[in-house]
Amino acid sequence: MIRSTFTLCLWLSVLLLTSAVIGVDAKTYETIQGRSCFRSMKGMLDSMRDLVKEYPDLMSITNIGESYLKNNEGRKFGNYDIPKGGYDIYAVRITDSNSSRKSQNKGKMLVTSGVHAREWAPPELLARYIETLVNGYDSDADITWILQHTEIHAVLYVNPDGRWMAEEYPELYWRKNMNPNGGGSCGDAYGTDINRNFDFKWGDRAGASDDPCDGDYHGKSRESEPETKALADYAKSLFPPSQRKNNPEAEMNKPFGEENTGMYVDIHSSGGYVYYPWGHKDAKSPDDEALQALGRKIHHYNKYKLWAGSQPDFLYEASGDTSDYLYAVMGVASVGFEIGDDFQQKCSSFESDVVPINMPALIFAAKIAQRPFKEVKGPDVSNVQATNKNGKIQVSAHVSDSEMVNDIRGFPDFQTGKQKIAKVMVYVDVHPDDAKPSDASWAMQPSGRRLESEDRRSEARKRSVDCAQFKKRKKCKRAGGGGVCAWARKERKCIPSENTSSSNSGSSGNNGSSGNNGSSGNNESSGNNGSSGNNGSSVEFNSGDENVRLTFDASGLSPGRHTLYIQATDSDGYNGPVTSEFVEVRQRQRETSLRGSKKPFD
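This report concerns the structure included in the present document. Predicted model, so just to flag it, every value in this text is computed and none were measured.

Things to note about the state of the cysteines
Consideration 1: Counted according to the given criterion, the structure contains 3 disulfides.
Consideration 2: Disulfide pairing places C37 opposite C347 at an S-S distance of 2.1 Å. Looking down the S-S bond of the C37 and C347 bridge, the torsion is -85°, so its handedness is left-handed. In this pair, C37 sits in strand β2 (residues 35-39) while C347 sits in helix α9 (residues 347-367), placing the two residues 310 residues apart along the sequence.
Consideration 3: Of the residues examined, C347 reaches a relative accessible area of 18% and is grouped as buried.
Consideration 4: Two residues, C186 and C213, share a disulfide whose sulfurs are 2.0 Å apart. Between C186 and C213, the S-S dihedral sits near -85°, and the bridge is therefore left-handed. Remark: C213 occurs in the loop between α5 (160-168) and α6 (226-238) and C186 occurs in the loop between α5 and α6; sequence separation between them is 27 residues.
Consideration 5: Of the residues examined, C186 reaches a relative accessible area of 14% and is grouped as buried.
Consideration 6: With relative accessibility at 29%, the residue C213 sits in the partly exposed group.

Next comes the structure, spelled out in structure tokens:
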């Protein structure tokens, strides 16, 4: 029942996120002939420029390099004209430029498509992802915090010369770039495979060819192609040099560890695979625990097979490719998608299958871009529901250390999914990465389990809040969700509520009625700031798969929309990805409840 509920919620979420961007308006933007669902390269760039105009605070476009034909003459062979002039290569940046986080403090995610020109669907999927992000900002809680904390950089066409050929002459199924490499003996099969030209394990003939006429020709030298150089240089500008190795090939068996930041996703077609390092050989990378967990969790969404070293569905070696390069040289978590079932994907299956199953996978990858090697090992939060009922915020969720990572039929359970849940925290209007000890947060409880008594919870909550730090009356009264601190009018300072007569009288009333609260089964809240050790210490989870809930008083919250951030931690200390939800507070509760004369929690 839990799994089926999760699947239903996932599909509903995908439909809501993509409903505004499904399909292409052929009257507005040019499409590929015979495929009304795929914008042509011209139509795509036009649509991205229009989107930047519509969302200037969320999007920008940068020229990151030039294609081969930009600086070399076109030519004609047979019936095929090669265009003159070439193309610029563009990167689209998607982030909230007005968020309190500066660029240097944001997680970075790089997504590429159009490396192989004949693959029509990948750029369209990436464009739909961009549109989902900008359309979802301020209406979808997860997308909103992602763009406030993360920069997503998208290169729709790494190989624009080749893409022109693939669209103009689809019968050629053009794959490579347009560099003739000094000769014309290959007919219509010349060019360099950009995905074999990167500066890691370049020239390894186990995974590339030295024949210019072969589809996987690696080029004359490392990064010999301007398209390769443009992407490599752009990646170097995004990810910190401090996390790289001095000699990536010599140190390839040395793990990066868990502190590295950054996420890379390369989208190709076709076949239905998720791939991650190593790709140049059938062997595990030194960071396989994190990268395999990443591949497994991506599989949870799209059900694609794992194409990676030491996996049963490893197809063949690919040396000098983007995925191994971004991991081995840039030190980022790297994964690739082989979407759909055809290079020239049919629109019906693209709309009904490819987009819905891959959109949430891309959003998941963005969630962990700041700390991918750590957070991918932590528990996942799903099925979040939050309501405001009778002045109480009621939150429920499902948390699991194993559900996503162990979702591959026939595969053994993975080591990162074998831990118990240690705690589940809810933060109000502050992301866990930004939370201070004074910010409102609560520990969620296992559903249906008896909880600690109200007076113990209240005391733990009060001990964890330093009232003296609040210099304004409003913030003082709202600290810890209300009822913890009180404003001393004569002294004009914030003091613990028990130091005031009103608080003392209120607490005696609460104590008199608190004896039944612990056994009622309805009071689901715990104290503020689980990081202090007071809240979570009395909560013991029995497994790595739990339903959790929480109820807390909304009287300390101002009217309007608030954001709840939920993060789970496993027994090995790994925090999982954050999941968030919006909740509305319609009206303020009576002020006496803020002063401690009424119980602040139910």
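Some points on the packing of aromatic side chains
Consideration 1: Within the structure shown, the criterion is met by 13 aromatic pairs.
Consideration 2: Taking 4.2 Å as the distance between ring centres and 15° as the angle between the ring planes, the aromatic pair formed by W442 and F552 counts as stacked. In this pair, W442 is assigned in strand β16 (residues 441-443) and F552 in strand β20 (residues 545-553), connecting sequence segments 110 residues apart.
Consideration 3: By relative accessible area, which is 1% here, W442 ends up buried.
Consideration 4: The ring of Y90 carries the charged tip of R49 above its face, separated from the ring centre by 5.5 Å.
Consideration 5: Lying over the aromatic face of F256, K245 brings its terminal NZ or CZ to 4.1 Å of the ring centre.

Side note on the sheet that holds β20
Consideration 1: Read across the open sheet, the 4 strands follow the order β13-β14-β20-β17; overall the sheet is antiparallel. Bordering the open sheet on either side are β13 (380-389) and β17 (445-446), each of which pairs with just one other strand.
Consideration 2: As judged from the 9 bridges shared by strand β14 (residues 392-400) and β20, these two strands associate in the antiparallel manner. When the sheet's bridge partners are listed, H398 is paired in β20 with N547.

Considerations on the sheet that holds strand β22 (residues 579-585)
Consideration 1: Pairing is antiparallel across the open sheet formed by 4 strands, whose spatial order is β16-β15-β21-β22. Two strands lie at the open edges of the sheet, namely β16 and β22, each paired on one side alone. In this sheet, adjacent strand axes meet at a mean angle of 25° when their direction is disregarded.
Consideration 2: As paired strands, strand β15 (residues 421-428) and strand β21 (residues 560-570) are joined by 7 bridges and run antiparallel to one another. Bridging across to β21, K423 finds its partner in T569.
Consideration 3: Across the sheet, helix α4 (residues 141-149) lies against β21 and β22, angled at about 115° from β22, the strand it touches most.

Some details on the nonpolar core
Consideration 1: In terms of nonpolar packing, the biggest core is built from 119 residues, with I94, M109, L110, Y129, I152 and V265 touching the most fellow members.
Consideration 2: If you tally residues by element for this core, the top one is α9, at 12 residues.
Consideration 3: For M109, the contacting residues outside a window of four places in its chain are Y129, E151, I152, H153, M263, V265, L362, A365, A366 and A369.
Consideration 4: Residues I393, V428, F541 and V583 belong to the second largest nonpolar core, which totals 26 residues.

Here we look at unusual backbone geometry
Consideration 1: A cis amide bond, omega 15°, links S269 with the succeeding residue S270.
Consideration 2: The topology assignment puts S270 in the loop between β9 (263-269) and β10 (273-275).
Consideration 3: Residue P277 is joined to W278 through a cis peptide bond whose omega torsion reads 0°.
Consideration 4: Along the chain, W278 turns up in the loop between β10 and α7 (288-302).
Consideration 5: One non-glycine residue, S310, lies in positive phi territory at about 70°.
Consideration 6: Within the element layout of this structure, S310 appears in the loop between β11 (305-307) and α8 (322-328).
Consideration 7: Residue classification places S310 among the partly exposed positions, given a relative accessible area of 41%.

What counts and how
- Residues numbered from 1 in each chain as written.
- Predicted model: local features only at pLDDT ≥ 70, side-chain atom pairs only at ≥ 80, totals over all residues.
- Heavy atoms only, no water.
- Disulfide = S-S within 2.5 Å.
- Helix = DSSP H or I, 4+ residues; strand = E, 2+ residues; numbered from the N terminus.
- Buried < 20%, exposed > 50% of the residue type's maximum accessible area, 1.4 Å probe, protein only.
- Phe/Tyr/Trp six-rings, centres within 6.5 Å; stacked < 30°, edge-to-face > 60°.
- Lys NZ or Arg CZ within 6 Å of the ring centre and 35° of its normal.
- Pairing = 2+ DSSP bridges.
- Axes fitted to C-alpha atoms, helices over the stretch in contact; angles between N-to-C directions.
- Contact = heavy atoms within 4.5 Å.
- Core = buried A, V, L, I, M, F, W, Y, C linked by side-chain atoms within 4.5 Å.

These values are about where atoms sit, not about what they do.
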